[in-house]
Amino acid sequence: MADDEDEELRRQTEDEPKKKKKKKKPKTDDSGAAEGGGDGEAPRKKKKKKKKPALDEEGGAAAADDDVDDGDKKPAAKKKKKKKKPVDQSDGQIEAHSDQLQQEQDNYYGGAAVAAVAAASTAGAYQQDSNGDDMGAERKKKEDDYNASYYDGNDGDVEMAMKNNGGGYDEAYCFEADTEIMAEIQQDNTVQVDESGGIQAFVAETIEIDGDDVGIIKSDAEIEAEEKRKYVKYFGAAVCCLVVVVVAVAVPLTLKFTKNVVNKTRYVSDPPTEPPSQMPSIMPSGQPTSTKFMEIVDFLMPLSGNALKVQGSPQYKAAMWMESGDMMPNSRGGTGLSIDDAGFTQRYIMALFYYAMDGDNWVQKQGWLSEKSECEWFGIDGFSAGCGSDGIGGCIKRSDFEGDYNKVCRLSMGRLNNLFGEFPKEMGQLEQMRYVEIQDDWLIGTIPTEMGRGWRKLHTFLIGGNVMHGGIPSSFANNDFLGTVFIDRNNFNGTWPTVFDTLKNLEWLDAEGNDFTGTLSPGIGELKSLRIFNINNNSISGNLPDTFDESNLMEDFEVAYNKFSSTLPESLGKAKFLKDLRASGNQISGGIPVSYYNLKNLEELYLDNNRMVGELPQTYEPFYDGLQELSVHSNMGMKGRFPVENFEKTLRVKVIELHNTEMTGQISENICGRLDPNLSYTRLKTITADCEKIKCSCCTCYKDGKIESTYP
């Protein structure tokens, strides 16, 4: 029966796949010479192997046979932690000697790495059967003989690793332990080593089990290389994430700052006869579709047209604000006005003005688009003639004789407030408008015709220092209230607007620094209320109007640096309030009219750079009394003696320019003495002459049209 069991055990063992064996090292004798080696073969050091332990009847570790004949040993095959074939333990149980061994095997089995466990005293215990025969002992002896032949005669120490199979330790894998490694491990005190040098219990986290159940111990270099690969992978992932974050932040910022470039889009609220292709015929699908917004659009369509349907237009933004952005309390206990409220259209127009003029970038914008009434917003609030009062706001109040209560009547944005954009045509609906001031800003485009039709009560219109072009709409004609118009320093062009001839109450017209052409009509001289008329630096030609009379209130008549070619108007001498006459830089011919001698209020007379002839009056005339500035230079037709005695009698003269003429004479020391910088009110600032013709010790001297010397 024992023979049958032994035979079956051998067959099971032979059926298992055999492991690939490494070459065996030759055995060395006691003197260190290799057995069976050649003369040139280096001696090898004999390694001590751990003996295979056996269990006694009580489960203890059986002592290994110490007296094994060394001559029977076979050369040990050096293997890389290669597991041996399992020994069948059908009659015995392998007990684990450590709870820690059980836990670590369970943790590492089935993962990427399985802990290699070396346990001393793990041999199977063979027991005798219950009848007391020696069959168990005999079977044990045969098994020992089989193991000796299986391990190639290995009688040294053997390391064993336990394998848990279904909860029981029924297989043992043996591997060789290098003596030098064992000595190093024992020296480091990292694991426990028994007296024979074997590992009692050792868990190595760096052992992996390959597909052939072979334990592989990784070197430090391999572990470090694996860690580096892991770090490189993590670093690459981090860099990718960083790039994504940078792009996600940079793109919106780039779009935002690019959007802030001064590149304004102007929206014309007048729908053209044939709408351009880019103008949508219906509301884009991206627009809000709330009932209130649709009602607002329908209500405002007659006023603003298709511009309400263009996303981003001032009209669209203003309608959106009226729909959901206005926080002004209403009579229904909520916020915002509805289309049925009386002030809805006016509030919409003022919000439209804000968006059309780039209100977000204004220097001063107190109150705009706030919950306050528009009458209290900056520029509207305040007092102007016939409009509002201090502390009440810039709207018509109920006690006014004319006008409706809470109607906007002034818009004074001051100077340099950084307004940029066009006047919306809807501004013409503000029919109570009296006062408008937007100067030295960035108004562009033209003046809407609707403003001329609607602003019939406007008395002050100040838009100087902008970049507007075109002309003055004829709709402003016959405005009985319009008294002050500043359109200076713009790019207005075209022929001179005759609409000004119809403004009977016009008092101050400043159109300096534009590109007007054409001629002045005689109607300018018929404006009896006109006090200041300034069209310097244009391109107007022809004759100067000669229709003035004693009823004219003209104080300043400035037509310098145009292309007039007539003589000075004789009738202008009847304007008894005339203080300033500037006609420099034209092609005016003739002499100074005698009627001018009686202009006793005349203070400034600039006739230089013309084609004038004649001489200054030699007798003392009334116009010398108040004369402070006289410039007749660069008129080669001017001749005669300079009447110095007439200027000695006035203490207010500040400018005398006589160069590039044919005049003669001498400047007295009394006149030169007024160049004293210690003087203030009576100080003479400038005196020029052709010093070869007019003797002068204090003049800036010219010769052939160029400065020859200066004083002092």
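Everything discussed here concerns the structure shown above.
The rules we used
- Residues numbered from 1 in each chain as written.
- Predicted model: local features only at pLDDT ≥ 70, side-chain atom pairs only at ≥ 80, totals over all residues.
- Heavy atoms only, no water.
- Helix = DSSP H or I, 4+ residues; strand = E, 2+ residues; numbered from the N terminus.
- Buried < 20%, exposed > 50% of the residue type's maximum accessible area, 1.4 Å probe, protein only.
- Areas by Shrake-Rupley, 256 points an atom, 1.4 Å probe, with all protein chains shown as cover.
- Contact = heavy atoms within 4.5 Å.
- Core = buried A, V, L, I, M, F, W, Y, C linked by side-chain atoms within 4.5 Å.
- Expected span 1.5 Å × (residues − 1).
- Pairing = 2+ DSSP bridges.
- Disulfide = S-S within 2.5 Å.
- Salt bridge = Lys/Arg side-chain N within 4 Å of Asp/Glu carboxyl O.
- Axes fitted to C-alpha atoms, helices over the stretch in contact; angles between N-to-C directions.
- Parallel < 35°, antiparallel > 145°, perpendicular 65-115°, else oblique.
- Left-handed = near helix turned anticlockwise from the far one by under 90°.
- Patch = residues over 30% accessible without salt bridge, like charges linked within 9 Å, V, L, I, M, F, W, Y side chains within 5 Å.

1. Quick notes on the overall build of the chain
For the chain, the helix and strand inventory stands at 12 helices and 35 strands. Looking at the chain as a whole, 44% of its 712 residues qualify as buried. Working note: accessible area of the chain is about 37,200 Å², and carbon and sulfur atoms make up 50% of it.

2. Describing the side chain of D488
Mapped onto the elements of the fold, D488 is located in the loop between β16 (484–486) and β17 (491–495). Apart from residues lying up to four places away in sequence, D488 is in contact with G464, G465, D510, A511, E512 and N514.

3. Things to note about the nonpolar core
Membership of the largest hydrophobic core comes to 117 residues, with the highest contact counts inside it found for F353, W368, F461, W496, F500, F533 and F557. Not counting residues within four places of it along the chain, the set of residues in contact with F533 comprises W496, L509, L520, I524, M554, D556, F557, E558 and V559.

4. Overview of helix α7 (residues 314–325)
In this model, α7 (12 residues) spans only 14 Å end to end at C-alpha, well below the 16 Å of a helix rising 1.5 Å per residue. Buried within α7 are the following residues: P314, Q315, Y316, A318, A319, W321, M322 and E323. Elements in contact with the buried residues of α7: α6 (291–304) and α8 (344–356).

5. What about the pairing of strand β27 (residues 611–614)?
The sheet contact formed by strand β25 (residues 589–590) and β27 spans 2 bridges and is parallel. Looking across to β27, one finds that G590 is bridged to M612. Two elements, β27 and strand β29 (residues 637–641), share 2 bridges in a ladder whose sense is parallel. If you follow V613 over to β29, its bridge partner there is G637.

6. Details of the state of the cysteines
As enumerated under the stated definition, the model contains 4 disulfides in all. The disulfide bridge from C672 ends at C698, spanning 1.9 Å between sulfur atoms. With the S-S bond torsion at -75 degrees, the cross-link from C672 to C698 turns out left-handed. Taken as a pair, C672 in helix α12 (residues 669–672) and C698 in the loop between β33 (694–695) and β34 (700–703) lie far apart in primary sequence, 26 residues in all. In terms of burial, C672 and C698 fall into one category: buried. Covalently, C691 is tied to C701 through a disulfide, its sulfur atoms 1.7 Å apart. The S-S bond linking C691 to C701 shows a torsion near -80 degrees; that makes this disulfide left-handed. Of the two residues, C691 sits in the loop between β32 (686–689) and β33 while C701 sits in strand β34, which places them 10 residues apart along the sequence. Residue C701 is classed as buried on the basis of its relative accessible area of 7%. Cysteine C241 is unpaired, with the sulfur of C240 as its nearest cysteine sulfur at 6.9 Å.

7. Points about the pattern of salt bridges
One pass over the full model with this rule turns up 17 salt bridges. K693 is paired through a salt bridge with D690; the nearest N and O atoms lie 3.9 Å apart. On the basis of relative accessible area, K693 is assigned to the partly exposed category, the value being 31%. Overall, the relative accessible area of 8% leaves D690 in the buried class. Salt bridges sharing common partners tie together R415, D440, D488 and R489.

8. Thoughts on the sheet that holds strand β19 (residues 515–517)
The 3 strands are arranged β15-β17-β19 in an open sheet whose pairing can be described as parallel. Of all the strands in the sheet, just β15 (469–470) and β19 have a single pairing partner and so form its edges. Pairing between β17 and β19: 3 bridges, direction parallel. Paired with N493 across the bridge in β19 is D515.

9. Considerations on the packing of α7 against α8
It is at 8 Å that the axes of α7 and α8 come closest, and there the two elements cross at 130 degrees. Between α7 and α8, the crossing angle belongs to the class labelled oblique. Along this stretch, α7 crosses α8, giving a crossing that reads as right-handed. In contact with P314, Q315, K317, A318, A319, W321 and M322 of α7, α8 contributes F344, R347, Y348, A351, L352, Y355 and A356.

10. Some thoughts on a nonpolar patch on the surface
A surface patch of nonpolar side chains, about 440 Å² in accessible area, is lined by F235, V239, V243, V247 and V251. The residue V243 is located in helix α5 (residues 220–259) in this model. Accessibility expressed as a relative area gives 45% for V243, which makes it partly exposed.

11. A few points about the sheet that holds strand β31 (residues 662–666)
In spatial order, the strands read β25-β27-β29-β31-β33; together these 5 strands make up an open sheet with parallel pairing. Lying at the two open borders of the sheet, with one neighbouring strand each, are β25 and β33.

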